[in-house]
Amino acid sequence: MKSKAYLLIAVTCFFAACSGNQKPVDITKDSKKTTAKYNFCTVTEKALSSSARLPGQLIPFNEVNIFPKVNGFVKQLFVDRGSIVKKGQLLVILEAPEMESQLQAANSRYLQQKETAQASKEKYQRLKDAAKEPGSVSPLDLDNAAAKMKADEAMAQSEYSNVASVRTMQGYLHIYAPFDGMIVQRNVSPGALVAPGKATDQPMLILQDIHKMRLEVQIPEDYVDKVDLSKPVSFTFNAMPGQQQTAKISRSANALGSMRSEAIEIDVLNKNGALKPGMYAEVNIPMLSGAKSLLVPNDAIIRSTEKEYIIRDSNGKADLVDVKEGLASNNSTEVFGNLKANDKVLLHASDEIKQGDQLN
């Protein structure tokens, strides 16, 4: 029993001696602090030629809602949706029986007044011939006859004008095409009662000139003074991918609309009729910024949900400068802010750098 106790004591002392010879291992090594290396660039000042990619929509060069000028019934309809028409072509004939009665009444009044005017003229001529004998006709009677003749002639002329007016109204029963184009909508049928309407009313026909069309583009307010009118624009229709076309800007509104944008138009020839009103296009508008634009590489701008800024090197310390982006190209972006040419700014910056941090 004592021998077992001595053996236990010896083993315990052996392990205690072994553990006492081991030194604790320090697993936390002092890490050497390394200074971050930053890349810098400079703010340049020059004109930035670029372009803006904006959506556009095709609209007809001319479009008109055709209404009748007088009340009537549709007697004959010579066109339908999709009909190609020429200027002056007869489209619709209306009928209004009461107009024929009005014309006959006006013509009767004119003939009656014409006879009265002729009789007055003959009476005045007889008195004038008789007045050649002294004392045969008083001057007052001669003057009254002349006045009566002129009044009757004026009334006859008035009745003639009424006849011409009724005939003009009758002419309105025939409706002609005001220009070459295509009928894109027909809203009436023979026998329908039609009447002159307002712009908000439904027209009889809608005529569009699609031989030449307008590509309308809305230029945002920030870009309206930067559009380069001397250069052609390029555009591609969404329905015709890969078919790029070029043309020059034909006209501009020179005013901002309700959407704070200016409308410009590009005339597009529709030679084969493949273009349709309402088609959308991606338009590349050439733009030229002012001569004193400040440019920085695209990677120098830090964009966050709150702001856009650039980190400037101010005596070795970070200076965060808020900027607003302008035109952009493949490598450079126009910026507006508290910057000047040749300022040293940080390239490939991140939002981890704070105001006043050391940059070297």
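If you're wondering where the values come from, they're calculated on a predicted model, not measured in any experiment.

Q: Looking at this structure, I do not really get the overall build of the protein. What am I missing?
A: A count of helical and extended segments in the protein gives three helices and 21 strands. Every one of the 360 residues in the protein was classed for burial, and the buried ones make up 33%. Within the protein, counting contacts between residues at least 6 apart in sequence, those at least 24 apart form 75% of the total. Element-wise, carbon and sulfur atoms account for 52% of the exposed surface of the protein, whose accessible area totals about 23,200 Å².

Q: Is there a simple way to think about the packing of helix α2 (residues 97-130) against helix α3 (residues 139-171) in this case?
A: Contact geometry for α2 and α3: axes closest at 8 Å, N-to-C directions at 160 degrees. For the element pair α2 / α3, the angle class is roughly antiparallel. Considering only the axes of α2 and α3, their crossing is left-handed. Residue classes in the contact of α2 with α3 are distributed as 17 nonpolar, seven polar and eleven charged.

Q: I keep staring at α2 and nothing clicks. Help me out?
A: Think of an α-helix as 3.6 residues a turn; residues three or four steps apart then line up on the same face. Helix length check: α2 (34 residues) gives 51 Å between terminal C-alpha atoms against 50 Å at 1.5 Å per residue, within 8%. Of all the positions in α2, only M99, L103, A106, Y110, Q113, A117, S120 and Y124 are classed as buried. Contact partners of the buried residues in α2: α3.

Q: Explanation requested: the environment of L229 in the structure shown.
A: Inspection of the secondary structure puts L229 in the loop between β10 (205-220) and β11 (233-237). Sequence separation between L229 and S250 is 21 residues; the distance between their C-alpha atoms is 9.0 Å.

Q: Quick question: what am I supposed to make of the packing of aromatic side chains here?
A: Ring pairs (aromatic) are described by centroid distance and by the angle formed between their planes. All chains considered together, the criterion is met by two aromatic pairs. Plain terms: the ring middles of Y110 and Y160 are 5.3 Å apart, the flat faces sit at 55 degrees to each other, and that makes the pair tilted. Placement of Y110 in helix α2 and of Y160 in helix α3 is noted, with a sequence separation of 50 residues between them. Judged by its relative accessible area of 17%, Y110 is buried.

Q: Is there a simple way to explain α3 in this structure?
A: Under the 1.5 Å per step criterion, the end-to-end length of α3 is 48 Å for 33 residues, consistent within 8% with the ideal 48 Å. Elements that come into contact with the buried residues of α3 comprise α2.

Q: Please explain the sheet that holds strand β4 (residues 72-77) as it appears in this structure.
A: Adjacent strands of a sheet pair through backbone hydrogen bonds, lying either parallel or antiparallel. Strand order in this open sheet of four strands is β7-β6-β4-β9, and the pairing throughout is antiparallel. Where the open sheet ends on each side, the last strands, each with one partner, are β7 (174-176) and β9 (193-194). Bridge count between β4 and strand β6 (residues 90-95): four bridges; the pairing is antiparallel. For F73, the partnering residue across the bridge sits in β6 and is E95.

What counts as what
Residues numbered from 1 in each chain as written. Predicted model: local features only at pLDDT ≥ 70, side-chain atom pairs only at ≥ 80, totals over all residues. Heavy atoms only, no water. Helix = DSSP H or I, 4+ residues; strand = E, 2+ residues; numbered from the N terminus. Buried < 20%, exposed > 50% of the residue type's maximum accessible area, 1.4 Å probe, protein only. Contact = heavy atoms within 4.5 Å. Areas by Shrake-Rupley, 256 points an atom, 1.4 Å probe, with all protein chains shown as cover. Axes fitted to C-alpha atoms, helices over the stretch in contact; angles between N-to-C directions. Parallel < 35°, antiparallel > 145°, perpendicular 65-115°, else oblique. Left-handed = near helix turned anticlockwise from the far one by under 90°. Nonpolar A, V, L, I, M, F, W, Y, C, P; charged D, E, K, R; others polar. Expected span 1.5 Å × (residues − 1). Phe/Tyr/Trp six-rings, centres within 6.5 Å; stacked < 30°, edge-to-face > 60°. Pairing = 2+ DSSP bridges.

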